[in-house]
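Remarks on the overall topology
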Amino acid sequence: MQEKYNFKEIEKKWQDKWESSSLNSVKEDLQKEKYYCLEMFPYPSGNLHMGHVRNYSIGDVVARFKMMRGFNVLHPMGWDSFGLPAENAAIKNKIPPATWTMDNIQNMKDQLKSMGISYDWEREFTTSLPDYYKWTQWLFLQFYEHGLAYKKKGHVNWCPDCATVLANEQVVNGACERCDTPVEKKALDQWYFRITDYAQELLDSLEDLPGWPDKVKTMQENWIGRSEGAEIYFTEETTGERIRVYTTRPDTAFGVTYVVLAPEHPMVERFIEGTEYQQPVRDFVKKVQQMSEIVRTSAETEKEGMFIGAYVLNPVNQEKIPVWVANYVLYEYGTGAVMGVPAHDERDFMFARKYQLPIRLVIQPFDTEITEDTEVNPQEITEAYVGEGIMVNSGSFNGLTNQEGLRKIPEYLEKIRAGKMKVNYRLRDWLISRQRYWGAPIPIVYCEKCGAQAVSEKELPVILPLDVEFRPTGESPLNHIAEFLHTECPKCGGPARRETDTMDTFVCSSWYFLRYTDSQNAEEAFKREKADYWMNVDQYIGGVEHAILHLMYARFFTKALADFGLLAAREPFQNLLTQGMVLKEGTKMSKSKGNVVSPEEIIKQYGADTARLFILFAAPPERDLEWSDQGVEGCYRFINRVWRLVYSYKEELNNNSASFLDTAVSSEEDKNLKRLLHGTIKKVTEDLDLRFNFNTAISAIMELVNGLYHYREKKPQNKNLLQESMEALIVLLAPFAPHLSEELWEVIGHTESVHFQSWPKYNEEALKVEKVEIVLQINGKVRERLIVPAAIDRVALEKMALSTEKAKAAMADKQIVKVITIPDKLVNIVLK
RNA sequence: GCCGGUGUGGCGGAAUGGCAGACGCGGCAGACUCAAAAUCUGUUUUAGGCAACUAAGUGGGGGUUCAAGUCCCUUCACCGGCACCA
C-alpha cells in the first residue's frame, strides 16, 4: 500500500481483476431471490455524458447494494444502436453507419468500463447487429400474425429534415422531437402497431405500478386520453349518408344547430362534388392544409369554416341543420366530425357567433328560472354555459339533470339506431415505418400477385446491406440496392420487391430488457423460463424524457408478448426512478452553450470513484443536479481522508481477527464510537433500501469518518472496535466507491472481494444512549436544554422540567395552562 | 387554460408535526511549516450585545395546533407535461 492514494493504479488494477474473474456474471439461481436492476441503455453517440454517469452510478449503487443483501442480481448493459445520427455522420464524414456505430460502441464501452460499474458484460448486445435485429423482425412477424401490425394509408407526420415519417409521440409542439423542424402532413401508406387495442389496459394497469412516479403515470394517462361519450349519427336528406359524430356531451343533443366536418373528412368531397360549393370549399380545404401543424392546432388560431351546401337531420328532434367544414376539427380524433352546440361549448360558441349560426340553450344552471325560449339572440349572451344543470328545450328529456341526460340520450339513440355510447382515446396507433436506412428492415415483401407477404421465419434475419451509398436527397439507399430489393414471393415464388422502410428504433428498445435474460440465444428471442425467472425488472432507472415514448411502447410490447404466450409478465418495470438532469450554470449541459463537463476528463483527473461519489452526493437522484468543480474537489478530499485513515492503522488492522460488530466496549469513547458506527449502518441501510437517498447515505458515511478521526485523536485504541469500524466503513462505501473499497479491503488483510461481503447489520442495543438532551420550551420557544437519563418516565421528566430555574422564573407571574411532555424529546410548558 | 413539481444560509442540500440549516462547498481563525500548498482542529443563518443572551428567520398572506419547512386555504415566481381532443 502506498501512502498516497493513487486512483489511476487502483482503478485499473481492480477493473482488470474483476473482468478476468467474471465477478459480475450471473446465472439463474432458484436458491436466491432474484433482483433485476436496469438502466436505460444508451445510444452510442461516441462519448459518455454526465447524464449517463449519473444514470449508471445510481444503478450501480442499487445493484451492488442488492447483491450484498443476498440477492441474485442481474445488471446488464447493451447498445441501442440503430438511428439517424449514424446516417448523418455517414453522409458528413463518408463513413458507413455500421463502422461509425461500432467504433462509438468500442469507445463508450471503454469509458463505461473506466467507471467500474458491475455490469455482466457477457450479456451485452447491440441492436444493430443481425443476432439482435433478427429477433426484432421475428417479433414484428408475431405482431403481424396476431393482427397487431398492419399497413394503412393515412395523413402522417413527416419531418422534411429527417426525411422520414414520425410517430405521434415523436412530434412535440408540432415539431420533430429530434431536430425541431416543423412537421408536415403527408398521405402515405405506412406500417402501424395496434397499440390502441391496449389503450384501456395501459391505462388501468398504471394502478398496478405504485413504484412509478405519479408524474410519469399522469403523463401517460393524459397521453392515452380516455373520454366517455357517445357517437351520434346525423343523416343527410337526399343521399341518406350518415355523418358519425363523437361527443362527450350527448346531453346537449337538442342544442345542436350545425354539424362540422374536418377538412380531410372524405364526405366533404362527396357532398360538394358538382355543386356550386365545390370550388370555394376546395379552396378553403387547401388553405387549411397549407397551414403549419403548429399554427393549425393552436387554440389561439382563429376558427374559420364554411357551409358546404348539405343538410342533415338531428336524430333526436328531426331538425334540419347545416353541415360545415372548419379548421378546428381534427380528422385524427374521434370520428373527424363534431356537432355544434354553441350554447354549451366555448369553441362552438365563438364559431356560431362569428358566422351568425343559431344558439340554443338546452341546459340551465340549477338555480335559474326555467325559460321557454328555444333560441337566444347571439348578441344577448356573452359566453357558453359549460356547467351542470337542468335539461330544457329537450323534448321528453326536459326536467332531467344533464347527468341523467348523459346516460339517457345515448340509450335513446341506441334504441332508434342513431347512435351509441362510446369510449374514445386520444392515443393513436403507433406508426413504426421509417423511410431511413439505419434501422431493422421490416420483414415484408410485395408480390405483384399475392400482395404484401410476411417473410418466413426461416429466412430471418432480413439482412441490412452494409455496403451502401448515400444520396444527397436524403432518400434511403435501400431503394437503389437491387440485391436487396429483388426477391421471391414466399407464397407463390414469383418475383417480389422487399419493403424498404425500416422500423422505428423504439421498436428495438421495446423488448431489449427481455433479451438480457437470454442474450446469447441463437434459437429464440429469449427462453421463456429465463424471462420468467428474471422479469419484471425490479428497478428501472433513466431520464424522464422517456415518460411517454419508450416507457409506453415497452409496456405495450410486454402486454402483447404476454398475450402471444411468450412470457408471464404483463408489465416490464416494477419500479421506476426518473433521474434529474445534470446542469451547469443552471442550464442543461450542451455543446452550443459551451458548458459541457466531460466525464472522461473528470475520471482522468480525479478517478471514477470520486466522479461517482460526487454525482450521488450533490443532489437526491430525482432532482436536477448542479455541477460543481469544487464539489468534486470535496469528494476527492473525502476519499483521500478515508485512505489516510485506513493507512494510519494498516499495521494494527492487518492480521487482527475481531468478532465482527460485536466488540464489548467500556470507555466513553468506545461507547460513542460503537453507537456512531451502528447508527451509520442503520442510516445508510435505510437510505439505500427504502428511499434511494444516496446523498444522505454518503453524508452519514462522512460523519462516521469524522468520528473515527476524532476517536484517533483521543488515542484510546480499542483494536477490535477499530477493526470492526474500519471494516464496516469499507463495506458501506463499497457500492459508492467500488475500487477504493476493494483496495482498502485487501490492505486490511482480506483475500475475498469486498463486493462479496454481506451487508453489515446494526445492533439495536448498540444504538441505545444513557443520557439524552431534552428541549425545554416555554410557550413553544426553546428556553433551556436538559441532560436527563434516557427513557426517564413522563412524570419524572415533567417534574425535572418544572423545577429548572428558567421554568420557575417564567412561571412566577403566570399560570400553567398545560404541560406537553414527549419522553426523550421535549417538554413544552404552556403559560398564560 | 388544465395537470404536476419546486421554492430553506453566500452555494449544493438535511430535517417520522417536536432544537431549522445534518453533510459538503465557500469564508474566517488556529496548529504544523522558514514560507506556501497539503493536512489536522475549531468556527460560520441574520441583526443587536464584550458576553450570558435576546429578537427575527424555510417565496408572500392567512389558518389548524401546546408546537408548522412539514398539515389546510390563498397568492406569487420558476420548471415540466398536456392543450381547438369535441
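Residues numbered from 1 in each chain as written. Chains lettered and ligands numbered in written order. Predicted model: local features only at pLDDT ≥ 70, side-chain atom pairs only at ≥ 80, totals over all residues. Heavy atoms only, no water.

**Brief notes about the overall build of chain A**
- Scanning chain A from N- to C-terminus turns up 28 helices and 32 strands.
- Along the three orthogonal principal directions, the C-alpha set of chain A runs to about 105 × 90 × 50 Å.
- Residues counted as buried form 55% of the 832 residues belonging to chain A.
- Counting only contacts in chain A whose residues sit at least 6 apart along the sequence, the fraction spanning at least 24 positions is 73%.
- Of the roughly 37500 Å² that chain A leaves accessible, carbon and sulfur atoms contribute 48%. (Helix = DSSP H or I, 4+ residues; strand = E, 2+ residues; numbered from the N terminus. Buried < 20%, exposed > 50% of the residue type's maximum accessible area, 1.4 Å probe, protein only. Contact = heavy atoms within 4.5 Å. Areas by Shrake-Rupley, 256 points an atom, 1.4 Å probe, with all protein chains shown as cover.)

**Regarding the sheet that holds strand 21 (residues 486-488)**
- With respect to topology, four strands assemble into an open sheet ordered 20-19-22-21, the strand pairing being antiparallel. A strand with exactly one partner marks an edge of an open sheet, and here the two such strands are strand 20 (451-454) and strand 21. For this sheet, the mean inter-axis angle between neighbouring strands, taken without regard to orientation, is 45°.
- As paired strands, strand 19 (residues 444-447) and strand 22 (residues 495-498) are joined by three bridges and run antiparallel to one another. Counted as the bridge partner of Tyr446 is Arg497 from strand 22. (Pairing = 2+ DSSP bridges. Axes fitted to C-alpha atoms, helices over the stretch in contact; angles between N-to-C directions.)

**Some thoughts on the side chain of Glu231**
- You can see Glu231 is positioned in strand 8 (residues 227-236).
- Note on Glu231: relative accessible area 3%, which makes it buried.

**Some thoughts on the protein's contact with RNA strand B**
- Inspection of the region around RNA strand B gives 52 residues, with Thr247, Thr248, Lys303, Arg426 and Arg785 positioned closest.
- Within the contact set of RNA strand B, a phosphate oxygen lies 2.8 Å away from a side-chain nitrogen or oxygen of Arg641.
- Note that a base oxygen of RNA strand B is positioned 3.0 Å from one of the side-chain N or O atoms of Lys825.
- The greatest single-element share of the surface near RNA strand B, amounting to nine residues, is contributed by helix 23 (residues 694-714).
- Per-class residue counts for the surface near RNA strand B are 18 nonpolar, 17 polar and 17 charged. (Near = heavy atom within 4 Å. Polar contact = N/O pair within 3.5 Å; in protein donor to acceptor, adjacent residues only side chain to side chain. Nonpolar A, V, L, I, M, F, W, Y, C, P; charged D, E, K, R; others polar.)

**Notes on the packing of helix 20 (residues 629-648) against helix 25 (residues 738-747)**
- Where helix 20 meets helix 25, the axes come as close as 11 Å, and the angle between the chain directions of the two elements is 5°. Relative to helix 25, the element helix 20 lies roughly parallel. Across the interface between the two elements, Ile639, Val642, Trp643 and Val646 from helix 20 touch Leu740, Glu743, Leu744 and Val747 from helix 25. (Parallel < 35°, antiparallel > 145°, perpendicular 65-115°, else oblique.)

**Details of the pattern of salt bridges**
- Inspection of the entire model under this criterion finds 45 salt bridges.
- Linking Lys683 and Asp687 is a salt bridge whose minimum nitrogen-to-oxygen distance equals 3.2 Å. With a gap of four residues between them, Lys683 and Asp687 both fall in helix 22 (residues 668-691), about one helical turn apart.
- On the basis of relative accessibility, which here comes to 0%, the residue Asp687 falls in the buried class. (Salt bridge = Lys/Arg side-chain N within 4 Å of Asp/Glu carboxyl O.)

**A word on the sheet that holds strand 27 (residues 587-588)**
- Within the open sheet, the three strands sit side by side as 27-26-28. Their pairing is mixed. This sheet does not close on itself; its edge strands, each paired only once, are strand 27 and strand 28 (625-626).

**Points about the packing of helix 23 against helix 24 (residues 719-733)**
- Where helix 23 contacts helix 24, the axes come no closer than 11 Å and their chain directions differ by 155°. As summarised for this structure, helix 23 and helix 24 are arranged roughly antiparallel, according to the angle between their axes. As for the relative orientation of helix 23 and helix 24, their crossing is left-handed in sense. Listed contacts from helix 24 to Ile701, Leu704, Val705, Leu708 and Tyr711 of helix 23 are Leu721, Leu722, Ser725, Met726, Leu729, Leu732 and Leu733.
- For the contact of helix 23 with helix 24, the residue count by class is 11 nonpolar, one polar and no charged. (Left-handed = near helix turned anticlockwise from the far one by under 90°.)

**Here we look at the environment of Val788**
- Relative to the elements of secondary structure, Val788 occurs in strand 30 (residues 781-789).
- Residue Val788 is classed as buried on the basis of its relative accessible area, which comes to 0%.
- For the pair Val788 and Arg178, spaced 610 residues apart in sequence, the C-alpha separation works out to 64 Å.
- For Val788, the residues in contact, after removing those within four places along its chain, are Glu770, Lys771, Val772, Ile774, Leu797 and Met800.

**Here's the deal with the environment of Arg242**
- On the secondary structure map, Arg242 appears in strand 9 (residues 242-247).
- In the structure, Arg242 is positioned 176 residues away from Ala418 in sequence and 9.3 Å away in space, judged by C-alpha atoms.
- Aside from chain neighbours lying at most four places away, what touches Arg242 is Tyr233, Phe234, Thr235, Met267 and Arg417.

**Here's the deal with the side chain of Asp60**
- Mapped onto the elements, Asp60 comes out in helix 2 (residues 50-68).
- A relative accessible area of 0% means that Asp60 is categorised as buried.
- Side chain to side chain, Asp60 and Arg64 meet in a polar contact 2.8 Å long.
- Apart from residues no more than four positions distant in its own chain, Asp60 is found in contact with Glu39, His75, Gly116, Ile117, Ser118 and Arg612.

**Quick notes on the packing of aromatic side chains**
- Considering all chains together, one arrives at 55 aromatic pairs under this definition.
- Ring centres 6.4 Å apart and planes at 80° place the aromatic pair Tyr56 and Tyr119 in the edge-to-face group. Taken together, the residues Tyr56 in helix 2 and Tyr119 in the loop between helix 4 (97-114) and helix 5 (130-145) connect sequence positions 63 residues apart.
- On the basis of an interplanar angle of 85° and a centroid distance of 6.1 Å, the ring pair of Phe556 and Phe557 is categorised as edge-to-face. The pair Phe556 / Phe557 is uniform in exposure class, with both members buried.
- By the ring-pair criterion, three or more aromatic residues cluster together here, those being Phe140, Phe143, Tyr144, Trp191, Phe193, Tyr198, Trp430, Phe506, Tyr553, Phe556, Phe557 and Phe564. (Phe/Tyr/Trp six-rings, centres within 6.5 Å; stacked < 30°, edge-to-face > 60°.)

**Considerations on unusual backbone geometry**
- Look at the link from Leu460 to Pro461: it is a cis peptide, with omega at 0°.
- Summarising the element assignment, Pro461 is placed in the loop between strand 20 and helix 13 (482-485).
- Each neighbour pair has its own omega, and for Met535 with Asn536 the value is 5°, a cis peptide bond.
- Looking at the element boundaries, Asn536 is found in the loop between helix 16 (528-534) and strand 24 (539-543).
- Positioned with a positive phi, Asp824 is a non-glycine residue whose angle comes to about 65°.
- In this fold, Asp824 is placed in the loop between strand 31 (816-822) and strand 32 (826-831).

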